[in-house]
Amino acid sequence: MERLLAQYAARPARPLHIHLVDPFPPGPGHVWRTEQSRLYLMNTQSFFPTLIPDQGVAAAPLAGCSFNDWRGRMRQTPDPALSEGDRAELAQLTATGFPSRALYGRYLSWCVARLLEKLPDGATVTHHRAEARRVARDHENGGYGVELLNGETLHADKVVLALGHVETRLSPAQREFRDDARANGLSYLPPAAPNDVDWDQLPAGATVLVRGMGLNFFDVLGQLTEGRGGRFETTAADGGALTYVPSGREPVVVGASRRGTPYRAKAALESYYPASVELRFLGEDAVAKIRAMGATAGFEHDIWPLLHRDTLWAYYTTLGRSSPGALAAGFLPELDALLHSGLDGDAVDWAERLKSLTARHVAEGRALDLAALARPLSHHPLRPGDKHRFGSQAELDAAVLAYLADDAASSARGEEDPVKMAIGALNAGRAIIKSLVADGGITQESWLGELRGWFEGFVEGLASGPPALRMEQLAALVRAGVVHFSGPDPVFRIQHGLFQLSSPWVDAEPWHARHLVEALAPANRVQGTASRLLNNLQADGLARPRVMLAADGGAVVTSGLDVSAPPYRPLDGAGTPVPGLYVLGLQLSSVQWGTAIAAQAGAEYRSGYRTVLDADAIAADILA
Ligand SMILES: Cc1cc2nc3c(=O)[nH]c(=O)nc-3n(C[C@H](O)[C@H](O)[C@H](O)COP(=O)(O)OP(=O)(O)OC[C@H]3O[C@@H](n4cnc5c(N)ncnc54)[C@H](O)[C@@H]3O)c2cc1C
């Protein structure tokens, strides 16, 4: 809407009428509802997101600003629409703080209101508070009929699908679990947006198993602890560590994930990407170079060797700065030479040379071990004569506590922490990779087997975690006995009428419980979606999921829609772009990587405002 209005103002033509269709308020929509609990925090800092473009587009925005500019304005001159809670939050919130989702929703709704005030002559906007259930060609009048769930049908010349996070049907395994749970009278909470769940159904004192220790896990914990009247306090006696003061209404939570630990916390930084990290190998120019090479890139062949080098350099230069004694003199120049070699040659030989160089020059235990970063408990020694790593629940909980303390301390060191700077390089590399792989930039088998096969999960767990405060809070909850862990590679079953949870690595009694929460975001897949609209589009032959070929030649139905080149139009059943129908955002997940993120204010990499460019291209095509 923002791009349509901006371009229309610059070049008005015949009247433009925009129908906004969403059962939720325009701006916040479903995810950013302003009335949700303030314990739900954004995962990006105030300085990050913007709805209004600040680069890359020709038509200047008509109104609005970035979230951080809005934050400043609202502190000076509060808007009458701000709630008491918004004002209290704004009084505390800094540029590097993590806003509540409710406050971000207020910003989005403010932007929409300012745009509506600045409507150019000839443009009008109507909001229909309803779900669209079908978009069908209007054979009589041309264009489309948009059927709403309330029975109304709108006529539109053009339709943009900006559906975002839509509900998904459960996977066969989840369905089986849900049905078995039901038959046994157990409560099974499937993947959902945390704000859509009634957490009161989990009783005080009961054991609650939680599968997944990513961002949703922290949302669940917040609701079950602070959300129930518990408090975190800082005790001077305990060296400033947080203490949790329970309300007595908490359940006992058992956290489970394959790694056995939560995502790593974000480093305390003044910027989204660390200032001290420079991508010397996988920089923005690598995109053009790789694209110019003539053949389609492969992730492991063409991209990872560059990013791996940047990650190593970020780690060792930070280590040299923060713990000079850990590196022998002359190591960094030797490493630099090694990094600049072997790019066309034998990767095995290069890896061996790296290993031997670090063995000779890096203090014991200080070399970068990326695999270990991703599975922090796997280096806990196996017990002699035993197949377990942990002899008891207490030993496991203590190991995870030590990991949490270490991770929080490492985040607090910010730019001086070698591990967090290695992760910072990986995170910055993600921005470049997004540009590189977009629109068929890597082979399908590499997209499936490498990028999504291992790299995505690896980098998510390292670079997409919560603020460090969440780790300190989690540690306090463990010390208070409110949270325990299952151990790595958890096994869930239903046995003797109860959920059972155990880990092959822990020598302890399995956990038994009546409640299981899937702390995962619903999978964003167009096949298997619960969205009536997406299902009807596919049934009517106006859209289809993108199919790719895996390394073994097998066809794989991917998560997103099959679309034309930008401006993205869905491909119909016969593979032809559907004129006048456009796709923006999450359903582009098979031609773009990492679509579930806002546009970045003042982005240093082009992929940071890609979604704005997509919207701009769609708006231009519509108005043309
Ligand atoms: C819980 C959560 C937290 C997040 N946190 C962050 C964060 O901190 N920072 C960040 O950058 N990104 C975050 N994201 C990523 C998020 O994807 C983007 O920030 C942004 O919300 C995407 O915008 P969108 O408009 O494409 O999709 P959405 O925000 O999902 O909006 C889509 C809208 O379309 C509506 N809709 C869907 N189908 C229909 C239909 N058939 N008829 C009518 N209306 C329909 C929905 O009701 C919804 O309002 C988060 C996402 C989630 C789910």
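Just above sits the structure.
Every value quoted in this text rests on a predicted model; they were computed, and no experiment measured them.

## Quick word on the packing of aromatic side chains
Enumeration according to the criterion identifies 24 aromatic pairs in this entry. Ring centres 5.7 Å apart and planes at 55° place the aromatic pair Phe67 and Tyr104 in the tilted group. In this pair, Phe67 sits in helix α2 (residues 67–76) while Tyr104 sits in helix α4 (residues 101–117), placing the two residues 37 residues apart along the sequence. The residues Phe67 and Tyr104 share a single accessibility class, namely buried. A centroid spacing of 5.9 Å and a plane angle of 55° characterise the contact between Phe177 and Tyr188, whose relative ring orientation is tilted. Separated by 11 residues along the polypeptide, Phe177 in helix α5 (residues 172–183) and Tyr188 in strand β8 (residues 187–189) bring together distant segments of the chain. Take Phe177: its relative accessible area is 15%, and that puts it in the buried class.

## Overview of the pairing of strand β4 (residues 132–137)
In this sheet, strand β5 (residues 144–148) lies alongside β4 in antiparallel orientation, the contact comprising five bridges. Within the sheet, the bridge partner assigned to Arg137 lies in β5 and is Tyr144. Between β4 and β5, which pair antiparallel and follow one another directly, the connecting turn spans six residues, one of which, Gly142, has a positive phi of 80°.

## Topic: the site of the ligand
Residues in contact with the ligand amount to 25 residues; listed here are only the nearest, Asp22, Asn43, Ala132, His165 and Ala598. The separation between an oxygen atom of the ligand and a polar side-chain atom of His165 is 2.6 Å. Protein coverage of the free-state accessible area of the ligand, which is 980 Å², stands at 81%.

## Things to note about the nonpolar core
Core analysis: the biggest nonpolar cluster contains 57 residues, and Tyr316, Ile433 and Phe455 have the highest contact counts within it. Where this core is concerned, the elements lending two or more residues are α7 (284–292), α8 (299–322), α9 (331–339), α10 (347–361), α11 (370–374), α13 (418–437) and α14 (444–463). Per element, the largest residue contribution to this core is 10 residues, and it comes from α8. Ignoring any residue separated from it by four or fewer positions in sequence, one finds Phe455 in contact with Phe299, Trp304, Leu307, Leu426, Arg430, Ile433, Glu450 and Trp593. Core analysis: the second largest hydrophobic core is formed by 39 residues, Phe217, Leu221, Tyr244 and Val253 among them.

## Quick word on α13
At 3.6 residues per turn, the α-helix brings residues three or four places apart onto the same side. Counted at 1.5 Å a residue, the expected span for α13 with its 20 residues is 28 Å, and the 28 Å between its end C-alpha atoms agrees. Within α13, the axis deviates most sharply at Ala431, by approximately 25°. Within α13, 18 of the 20 residues are buried, which leaves the element mostly enclosed by the surrounding structure. Downstream of α13 by a residue or two, Asp439 has a phi angle that is positive, lying close to 55°.

## Regarding the sheet that holds β5
In spatial order, the strands read β4-β5-β6; together these three strands make up an open sheet with antiparallel pairing. The outermost strands of the open sheet, each flanked by one partner alone, are β4 and β6 (153–156). Adjacent strand axes in the sheet meet at a mean angle of 20°, parallel and antiparallel pairs treated alike. In terms of strand pairing, β5 meets β6 through four bridges, oriented antiparallel. Within the sheet, the bridge partner assigned to Gly145 lies in β6 and is His155.

## What about the sheet that holds strand β15 (residues 498–502)?
The three strands lie next to each other as β14-β15-β16, forming an open sheet whose pairing is antiparallel. The open sheet terminates on both sides in strands that have one partner only, identified here as β14 (491–495) and β16 (511–513). The average angle at which neighbouring strand axes cross in this sheet is 25°, direction not considered. Relative to β15, β14 is paired through five bridges, and the arrangement is antiparallel. Residue pairing across strands places Val491 opposite Ser502, the latter belonging to β15. Seen against the sheet, α5 touches β14 and β15 and runs at an angle of roughly 35° to β14.

## Notes on the layout of surface pockets
In this structure, the second largest pocket spans a volume of roughly 880 Å³. Considering the residues around the second largest pocket, the lining is formed by 31 residues, among which Trp304, Pro305, Leu306, Arg309 and Trp350 are closest to the centre. Of all elements in the fold, only α7, α8 and α10 reach the threshold of two or more residues within the lining of the second largest pocket. For the lining of the second largest pocket, the class distribution of residues is 18 nonpolar, five polar and eight charged.

## Observations concerning unusual backbone geometry
The amide bond that connects Pro566 to the next residue, Pro567, takes the cis arrangement and shows omega of -5°. Locating Pro567 in the fold gives a position in the loop between β19 (555–561) and β20 (581–583). One non-glycine residue, His496, adopts positive backbone phi at about 50°. Structurally, His496 is set in the loop between β14 and β15.

## Quick word on the side chain of Asp310
Mapped onto the elements, Asp310 comes out in helix α8. Buried and unpaired, Asp310 has Arg280 as its nearest opposite-charge partner, separated by 5.0 Å. In terms of polar contacts, Asp310 uses its side chain to reach the backbone amide nitrogen of Phe281, at 3.0 Å.

## Concerning the environment of Pro194
Structurally, the position occupied by Pro194 is in the loop between β8 and β9 (207–211). For Pro194, a relative accessible area of 7% corresponds to the buried category. Spatially, the C-alpha atoms of Pro194 and Ser323 are 41 Å apart, while their sequence positions differ by 129 residues. When neighbours within four sequence positions are excluded, Pro194 is seen to be in contact with Tyr40, Trp199, Asn216 and Asp219.

Rules of the game
Residues numbered from 1 in each chain as written. Predicted model: local features only at pLDDT ≥ 70, side-chain atom pairs only at ≥ 80, totals over all residues. Heavy atoms only, no water. Phe/Tyr/Trp six-rings, centres within 6.5 Å; stacked < 30°, edge-to-face > 60°. Helix = DSSP H or I, 4+ residues; strand = E, 2+ residues; numbered from the N terminus. Buried < 20%, exposed > 50% of the residue type's maximum accessible area, 1.4 Å probe, protein only. Pairing = 2+ DSSP bridges. Near = heavy atom within 4 Å. Polar contact = N/O pair within 3.5 Å; in protein donor to acceptor, adjacent residues only side chain to side chain. Areas by Shrake-Rupley, 256 points an atom, 1.4 Å probe, with all protein chains shown as cover. Core = buried A, V, L, I, M, F, W, Y, C linked by side-chain atoms within 4.5 Å. Contact = heavy atoms within 4.5 Å. Expected span 1.5 Å × (residues − 1). Bend = angle between axes of the 7 residues up to and from the residue. Axes fitted to C-alpha atoms, helices over the stretch in contact; angles between N-to-C directions. 1 Å grid on protein atoms, 1.4 Å probe; cavity = no way out; pocket = protein on both sides within 12 Å on 5 of 7 lines; lining within 4 Å. Points joined across faces, edges and corners; volume = space filled by probe spheres on them. Nonpolar A, V, L, I, M, F, W, Y, C, P; charged D, E, K, R; others polar. Lys, Arg positive; Asp, Glu negative; His and termini not counted. Salt bridge = Lys/Arg side-chain N within 4 Å of Asp/Glu carboxyl O.

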